[in-house]
Amino acid sequence: MAGAAVKFVFAGELAAHRDFILANGGSPVAFPAGAVLSRTAEVPARVYYLLEGMTKVFTTNAEGFVRLLGYHRADTICVLDGLRGAAPSVVTIEAITPVQVVPLTSEDLCRLGQLSPCFALDLAFFVGDTLRLMCYDAENQSIGDVGTRLANFFLLYMDSLDYRRSGHVAMSQENLASAVNASRVQVARVCSKMQRAGVIRTRRGKVELLDRETLVRWGAGERSF
């Protein structure tokens, strides 16, 4: 699993088509941080090409537990549930910073694909990348050991552009718990053991990953936490 080419943070995958979208996709719209662009079980009005800002993708169960599924940054398309037009969303998309977007209907995307087959192909690849993440996540969640799931998540995040730029995972223990479908207490316990082993270094809202080789071994289940 650790070697799979999967992304948790999507950023820039459609950057080559940014000017094309701006020229042919309509006027940009701004949303404040906290705005919900689509909500589980509701029919989304549009898909959105992100020009600026960041959104998160998550689900919430009947008890209110939030399950974090990924992030989108600029030059990606979020609310992919909207590709179906009249079908309700499976996930919720929320702006975690102010965002600027180009709203697009499924008809707009069809027209854009006809204008630019390259855009249509790259959009298909992008949808495929999100499906890869969902398959990876389903496989990882089948692992009972929280430490193994967390090690695999750290490896996944380590390959993101965000991590390469900042050198740390910018997530609280609460967000990490949401991402790996565990309790905050479980994640805090595992992070403490990882830190004592010299594999990670934790700071407030940040985790530095110090030993990729050991994370790979632990992600493969060679150690139980």
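Residues numbered from 1 in each chain as written. Predicted model: local features only at pLDDT ≥ 70, side-chain atom pairs only at ≥ 80, totals over all residues. Heavy atoms only, no water.

## Observations regarding empty space enclosed by the protein
For clarity, the threshold we go by: Using a 1 Å grid laid over the protein atoms alone, points where a 1.4 Å probe fits but cannot get out form a cavity; open sets with protein on both sides within 12 Å along at least 5 of 7 lines form a pocket; any residue with an atom within 4 Å of a point counts as lining. Grid points are joined across faces, edges and corners, and a volume is the space filled by probe spheres set on the points. Helix and strand definitions here come from DSSP, where helices need a minimum of 4 consecutive H or I residues and strands a minimum of 2 consecutive E residues; each element is numbered from the N-terminal end. The residue classification treats Ala, Val, Leu, Ile, Met, Phe, Trp, Tyr, Cys and Pro as nonpolar and Asp, Glu, Lys and Arg as charged. All others, Gly included, are polar.
Counted by the stated rule, this structure contains two cavities of 30 Å³ or more. Of the pockets and cavities examined, the largest cavity occupies roughly 80 Å³. What lines the largest cavity is simply F8, L69, L133, Y136, D137, N140, N152, F153, L156, A179 and V180. Of all elements in the fold, only α3 (117-141), α4 (146-158) and α6 (173-180) reach the threshold of two or more residues within the lining of the largest cavity. Among the elements that make up the lining of the largest cavity, the one with the highest residue count is α3 (four residues). Considered class by class, the residues forming the lining of the largest cavity number eight nonpolar, two polar and one charged.

## Points about the packing of aromatic side chains
Here is the rule we go by: Between 30 and 60 degrees the pair is tilted, below 30 it is stacked and above 60 it is edge-to-face, where a pair is any two Phe, Tyr or Trp rings, Trp via its six-membered ring, whose centres lie within 6.5 Å. The buried label applies to any residue whose accessible area, calculated with a 1.4 Å probe on protein chains only, is under 20% of its type's maximum; exposed applies above 50%, and partly exposed to all values in between.
Scanning the entire structure with this criterion turns up eight aromatic pairs. Considering the side-chain rings of F10 and F126, the 5.5 Å spacing of their centres and the 75° angle between planes classify their relative orientation as edge-to-face. On the criterion of sequence distance, the pair formed by F10 in strand β1 (residues 9-10) and F126 in helix α3 is long-range, its members being 116 residues apart. Note on accessibility: F10 and F126 belong to one class, buried. Consider the rings of F20 and F119, whose centres lie 5.8 Å apart with planes at 50°: the pair is tilted. Of this pair, F20 sits in helix α1 (residues 18-24) while F119 is found in helix α3, placing the two residues 99 residues apart along the sequence.

## A word on the sheet that holds strand β4 (residues 47-52)
Going by this rule: When DSSP finds two or more bridges between a pair of strands, those strands are recorded as paired. The criterion used for residue contact is that any of the two residues' heavy atoms lie within 4.5 Å. Whenever a helix is involved, its axis is fitted only over the stretch in contact; in every case the axis is a line through C-alpha atoms, and angles between N-to-C directions fall within 0 to 180 degrees.
Pairing in this open sheet of four strands is antiparallel, and the strands run β2-β9-β4-β7 from one edge to the other. What marks the edges here is a single partner per strand, and that holds for β2 (29-31) and β7 (77-78). Alignment of β2 against strand β9 (residues 99-104), held across three bridges, turns out to be antiparallel. For F31, the partnering residue across the bridge sits in β9 and is V99. This element, helix α2 (residues 106-115), spans β4, β7 and β9 of the sheet and lies at about 80° to β9.

## Some remarks on the nonpolar core
To keep it simple, the criterion reads: Throughout this description, the term nonpolar core refers to a set of buried Ala, Val, Leu, Ile, Met, Phe, Trp, Tyr and Cys residues connected via side-chain atoms within 4.5 Å.
Core analysis: the biggest nonpolar cluster contains 51 residues, and F8, I77, F154, M171, L176 and M194 have the highest contact counts within it. Setting aside residues no more than four positions away along its own chain, F154 makes contact with V169, L176, M194, I200, V207, L209 and L215. Counting residues in hydrophobic clusters, the runner-up holds twelve residues, among them Y48, C78, V91 and I93.

## Looking at the environment of A41
Inspection of the secondary structure puts A41 in the loop between β3 (36-38) and β4. Classification of A41 by relative accessible area gives exposed; the value is 61%. Sequence spacing of A41 and V91 is 50 residues, and the spatial spacing of their C-alpha atoms is 7.9 Å. Not counting the four nearest positions on each side in its chain, A41 is found in contact with P88 and S89.

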